[in-house]
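# Residue-level structure breakdown
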Amino acid sequence: MLIGGHVSTAGGLVKAHERGVERGCDAIQVFNQSPRMWRPTTWKPNDVEAFLELMDDGPIKSVVIHAVYLINPGTKDKEMRKKSLASLTHSLRMGDAIGADGVVVHPGSRLKEPLDAALGRVGEMVREALAESDRCPLLLENTAGAGGTLGRTFAELYDVVRRAGGSKRIGICLDSCHMLASGFDIRDDAALAAVIDECVAEFGLERLACIHVNDSQTPLGSNRDRHAPLGDGELGDKGCSAFLSEPRFEKLPAFFEGPGVEGKEPGAVDIARMRELRNKGLARRKRRRAAKKKARRK
């Protein structure tokens, strides 16, 4: 597993890479522009070139872009669809430029529109954005389920994949906070394993591309997306360590998005906490396997 966090790109990509190294990350997630503004940002060619050189032989092994929050692929408003498609396409092109392992996007909201029609619009936009970019995968993130948000279930996410044509460039990003908020009980190893069984049954393991490891301020089924520092929320140490040690998440980039223990973006202490929780989860799983093996010998 590649442990990492979301880092700022203030000052450019090279500065973002430096922040990741300073925090002890194996992977970094970045916004390719201000997350709450439509104005696109295009990284300078010399910055991209220097960043790619750092990624070639440095401690950061993966970079993922998070698309802006304003994007709503599910809307039928023509102007919003135009802006959303342009922003999503730009994100994918920036992902192409920096060799990103994916662009994470929320499937959006249907507002008060019928679910089937909204999912069809999401699939159409995904198809169009992929056609206007070259290589970078698009990663659909599960949502907490507030209001008319789309993608709160594995079935809805898979429906988008199907309607978008089933391209191999479409992957999934699973967020632990969103999963708990939308009603998936993932607070221990066994409960999480059962949920991931459902996910794999829908998608196949090959579409799982990255995970967001965030604790939740709000309880199971709250439908509210409120992050907490790792171990301090409703998932707690047990739930977070289960997520960080789930065998089917091995080799994936795992990002903590914050806020961290200092109330800001993830810091070195939060990345260290991720590693501590992962090791705790791995040790627990190892003890359980040893106990089962011992019991079979009797």
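Above this text sits the structure in question.
In short, a report on the structure. As the structure is a prediction and not an experimental result, all values here were calculated from the model.

Let's shift gears to the overall build of the protein. If you tally the helices and strands in the protein, you get nine helices and 10 strands. Its C-alpha atoms give the protein a radius of gyration of 19 Å, near enough to 19 Å, the size a compact globule of 298 residues would have. Here the C-alpha coordinates of the protein stretch approximately 65 × 45 × 35 Å along the principal axes. Counting the 298 residues in the protein, one finds 54% classified as buried. Of all intrachain contacts in the protein linking residues separated by at least 6 positions in sequence, the fraction that spans at least 24 positions is 77%. In the structure as shown, the protein presents an accessible area of about 13,300 Å², 52% of it carried by carbon and sulfur atoms.

A few words now on the packing of aromatic side chains. Tallying each qualifying case throughout the model produces four aromatic pairs. Between Phe31 and Tyr69, the aromatic rings sit 5.6 Å apart at their centres with planes inclined by 80°, giving edge-to-face as the arrangement. Note that Phe31 is positioned in strand β2 (residues 27-31) and Tyr69 in the loop between β3 (62-66) and α3 (78-98), a separation of 38 residues in sequence. Classification of Phe31 as buried rests on a relative accessible area of 16%. By relative accessible area, which is 37% here, Tyr69 ends up partly exposed.

What follows covers a positive patch on the surface. Taken together, the side chains of Lys292, Lys293, Arg296 and Arg297 make up a positively charged region of the molecular surface. For Arg297, the position within the fold is in helix α9 (residues 268-297). Take Arg297: its relative accessible area is 65%, and that puts it in the exposed class.

Within the fold, Arg19 resides in helix α1 (residues 13-23). The side chain of Arg19 is buried and forms no salt bridge, while Glu265, the nearest opposite charge, is found at 5.2 Å. Apart from residues lying up to four places away in sequence, Arg19 is in contact with Val7, Ser8, Thr9 and Ala10.

Quick look at unusual backbone geometry now. Residues Gly258 and Pro259 are joined by a peptide bond in cis, for which omega reads 5°. As for its placement among the helices and strands, Pro259 is situated in the loop between β10 (253-256) and α9. Phi at Leu111 takes a positive value of approximately 55°, unusual for a residue other than glycine. Its location among the elements puts Leu111 in the loop between β4 (103-105) and α4 (115-131). We classify Leu111 as exposed; its relative accessible area is 59%. The phi dihedral of Lys251 is positive, around 75°, even though this residue is not glycine.

What counts and what doesn't
- Position numbers for residues start from 1 in each chain and track the written sequence from start to end.
- Residue-level local features of this predicted model are given only where pLDDT is at least 70; pairs of side-chain atoms are given and counted only at 80 or more, and the full residue set underlies all totals for whole chains, interfaces and linings.
- Only hydrogens and water are set aside when side-chain values are computed; all heavy atoms of the structure are taken into account.
- Strands here mean DSSP runs of E at least two residues long; helices mean DSSP runs of H or I at least four residues long; both are numbered from the N terminus.
- Throughout, the radius of gyration refers to the C-alpha atoms, and the reference size of a globule is 2.2 Å times the residue count to the power 0.38.
- Partly exposed residues are those whose accessible area sits between 20% and 50% of the maximum for their type, while under 20% is buried and over 50% is exposed, using a 1.4 Å probe and protein chains only.
- When checking whether two residues touch, look at their non-hydrogen atoms; a contact exists if any pair is within 4.5 Å.
- Computed with the Shrake-Rupley method and a 1.4 Å probe, the accessible areas treat only the protein chains shown as cover for residues.
- Put simply, two rings from Phe, Tyr or Trp (the six-membered ring, in Trp's case) pair if the centres are within 6.5 Å, and we call them stacked under 30 degrees between planes, edge-to-face over 60, tilted for the rest.
- Exposure above 30% relative accessible area and the absence of a salt bridge qualify a residue for a patch, where like charges join within 9 Å and nonpolar side chains (Val, Leu, Ile, Met, Phe, Trp, Tyr) within 5 Å.
- Any carboxyl oxygen of Asp or Glu within 4 Å of a side-chain nitrogen of Lys or Arg constitutes a salt bridge here.
- Working convention for charge: Lys and Arg count positive, Asp and Glu count negative, and His plus the chain ends are omitted.
- Charged groups are reduced to one reference atom each: NZ for lysine, CZ for arginine, CG for aspartic acid, CD for glutamic acid.

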